[in-house]
Amino acid sequence: MAPSRPDIIDRLHRIVEPYVEDEEALTSVDEDTNLLEDLSIDSMNLVDIILDVEEEFGIEIDDEAAEQMTTVGSAVDIIASRLAAAD
Amino acid sequence: MTRRVVITGMGVVAPNGVGLSAFETAVRAGESGVRFIQELADRNFACQLGAVPPLEASHLQVLTTLERKTLEASGIIYGLLAAVEAWSNAGLDVPGNEEDPDWESGCIFGSGIAGAEVMRDATYLIDEGRVKRLGSGAVSQVMASGISAYLGGRFGLGNRVSSNASACATGTESLLLAAEHIRSGAATRMICGACDSGGPYAWGGFDAMRVTNRRSNEAPEAASRPLSATAAGFVPGCGAGALVCEELESAIQRGATIHAEVLGGAINSGGQRKGGSMTAANKEGIVRCIRHAVENAGIHPREIDAISGHLTATLFDPIEIEQWSVALERSGSQFPYVNSLKSMVGHCLSASGAIEIIAAILQIKGEWLHGSLNCENLHPKIAECIDPERVPQTFRKHAVRTLAKSSFGFGDVNTCAILRRYDPE
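Keep in mind it's a predicted model, so treat the numbers as computed, not measured.

Novice: Explain the pairing of strand 8 (residues 239-247) of chain B residue by residue, including any values.
Specialist: Residue and element names in this part refer to chain B. Burial within strand 8 is extensive, with nine of its nine residues counted as buried. What you see with strand 8 is no split at all: Gly239, Gly241, Leu243, Cys245 and Glu247 on one side and Ala240, Ala242, Val244 and Glu246 on the other are buried throughout. Pairing of strand 1 (residues 5-14) with strand 8 involves eight bridges; the strand directions are antiparallel. Within strand 8, the position partnered with valine 13 by the bridge is alanine 240.

Next comes the structure, spelled out in structure tokens:
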């Protein structure tokens, strides 16, 4: 069974956690949270987050999709669609 | 007036002790950090011994969560831990993310190969067609300036930030380059030192060259035998040493603890001529380096109380002692005391000089000499040149005011630093 949206958010939260220095920012994450602007993640680390996401969910994220992963919500959309395609 | 340069901070990650206090205890007690390494035996190494710092999870607490997750280069981890200890030992702050960098502070921190294991893993991924899996950390962990780049960010350094490399002379060279930069007036303080990674991928080349000790796998602690008649090659090691060098007036103004003064030194090369080669030293190069260091420090050779030698436990040890004797014009019972920390920690390659300088400063400060282990049977050529009593076999109390530290490296490069107990006069 495909994971629920809250479940994907929860797993994504755990993936981004080590890349966020400001622990305060992590307490108010929702679908509109912007990874670079709101969580101050170093843009260089986005490639690492994508690798971690691929490993965690067993999916492939191409460059085009990676560029669209700017907010938590858009990341969840992409993860969910890749999981659905794999089913 | 010449600006005086002093050392106000020290940090160390050594095979026989992680952190200054553990390291000092181990060096005073003559504890060996040499162990049998299964990974080497599994890969058919002739020398299956190594000296690796005993890192525990608690040591890694000074790293950020992200650094703990992404850092795989053991040399960079050692270097960061040593440098963070040195910076804090010097009583220095770190500017916040939104503050100006410290324009007066810089870094010259070297390495030989700080991330051998990262290169190994990256090679496999690339050959499997999975280059994307390298992630963002492969470049910063294998580039030659990796360690100084990490330190510059960690401490918010705004002065010169660079890495030096001169093989096994790297650590001592970094101190001399840092001191020169401060003396020239271009910086107030510099963090310097060196680090190296260990393990099969860092050490394989040395095993193939037959320069490591292949005869002592059953007796690790007896394997590193500098100055001994039965010296049979070095034991490879790894780790890091870090020093904060500072202009004297700044150190006094801050009320910093001054560990020692850097009187001067010299860096040269034998040009790989007249007996010198990639791996062997032109003897005249060594003599000139020592003489220039003494001259640069403005002292008489008689003033040197002790020598912390390069002394790796190869056929080169007797030659090194002979060149010291020629350069200082001292022999027999007039020769300074001499010991080799490599008898405890093996040869930590590019990091060796930095770790050994810290041991040297601890000896100056504490007024003692560490024992040079495993040389009960002094090499006959050494015994001909100097009174065997000048080589302490075990710990002894002795006031060392002025100490000369040498490190030599592949490429026929030489370094010699002159350190002195800080005297306010």
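Novice: Can you lay out the side chain of serine 140 of chain B for me, pointing to particular residues and giving the numbers?
Specialist: All names here are of chain B. Among the secondary structure elements, serine 140 is positioned in helix 6 (residues 138-142). A relative accessible area of 19% means that serine 140 is categorised as buried. At 3.5 Å, the side chain of serine 140 forms a polar contact with the backbone oxygen of glycine 137. In terms of polar contacts, serine 140 uses its side chain to reach the side chain of tyrosine 150, at 3.1 Å. Here serine 140 is in contact with Ile76, Gly146 and Tyr150, once residues within four sequence places are set aside.

Novice: Let's hear about empty space enclosed by the protein: which residues, and what values?
Specialist: All names here are of chain A. A complete count under the given rule lists three cavities of 30 Å³ or more for this structure. In this structure, the largest cavity spans a volume of roughly 60 Å³. Taken together, Ile9, Leu12, His13, Val16, Val29, Leu35, Leu39 and Val72 make up the lining of the largest cavity. Looking at the lining of the largest cavity element by element, the count peaks at four residues for helix 1 (residues 5-16).

Novice: Any chance you could break down the domain arrangement of chain B for me, citing the residues and the numbers?
Specialist: All names here are of chain B. Entries for chain B in the domain assignment read domain 1 (5-260) and domain 2 (264-420). Its C-alpha centre places domain 1 at a distance of 21 Å from the equivalent point of domain 2. Taken together, the contact pairs 68 residues of domain 1 with 59 residues of domain 2. Surface buried jointly by domain 1 and domain 2 totals about 4,700 Å² across both partners, of which 70% is contributed by carbon and sulfur atoms. The interface formed by domain 1 and domain 2 holds one salt bridge in total. Here arginine 225 and glutamate 376 are joined by a salt bridge, their closest N and O atoms 3.6 Å apart. Counting the contacts that link domain 1 with domain 2 gives 20 residue pairs in polar contact (both at pLDDT 80 or more). Elements represented by at least two residues in the side of domain 1 that touches domain 2 include exactly strand 1, helix 1 (20-29), helix 8 (170-183), strand 7 (189-196), helix 9 (200-208) and strand 8. In terms of residue count, the dominant contributor to the side of domain 1 that touches domain 2 is helix 8 (eight residues). Across the side of domain 1 that touches domain 2, the residue classes break down as 39 nonpolar, 21 polar and eight charged.

Novice: A description of the layout of surface pockets should follow, citing residues and the corresponding values.
Specialist: In this structure, the largest pocket occupies an estimated 1,200 Å³ of space. Taken together, 39 residues form the lining of the largest pocket, with Glu21 and Asp42 of chain A together with Thr64, Leu66 and Glu67 of chain B sitting closest to its centre. When residues of the lining of the largest pocket are traced back to their parent elements, those giving at least two are helix 3 (65-70), helix 6 and helix 7 (146-155) of chain B. Among the residues making up the lining of the largest pocket, the classes are represented as 16 nonpolar, 13 polar and ten charged. The computed volume of the second largest pocket comes to approximately 650 Å³. Listed by contribution, the elements that provide at least two residues to the lining of the second largest pocket are helix 12 (316-328), strand 14 (402-409) and strand 15 (413-420) of chain B.

Conventions adopted
Residues numbered from 1 in each chain as written. Chains lettered and ligands numbered in written order. Predicted model: local features only at pLDDT ≥ 70, side-chain atom pairs only at ≥ 80, totals over all residues. Heavy atoms only, no water. Buried < 20%, exposed > 50% of the residue type's maximum accessible area, 1.4 Å probe, protein only. Helix = DSSP H or I, 4+ residues; strand = E, 2+ residues; numbered from the N terminus. Pairing = 2+ DSSP bridges. Polar contact = N/O pair within 3.5 Å; in protein donor to acceptor, adjacent residues only side chain to side chain. Contact = heavy atoms within 4.5 Å. 1 Å grid on protein atoms, 1.4 Å probe; cavity = no way out; pocket = protein on both sides within 12 Å on 5 of 7 lines; lining within 4 Å. Points joined across faces, edges and corners; volume = space filled by probe spheres on them. Domains from an automatic or database assignment. Buried area = accessible area lost by both parts, 1.4 Å probe. Salt bridge = Lys/Arg side-chain N within 4 Å of Asp/Glu carboxyl O. Nonpolar A, V, L, I, M, F, W, Y, C, P; charged D, E, K, R; others polar.

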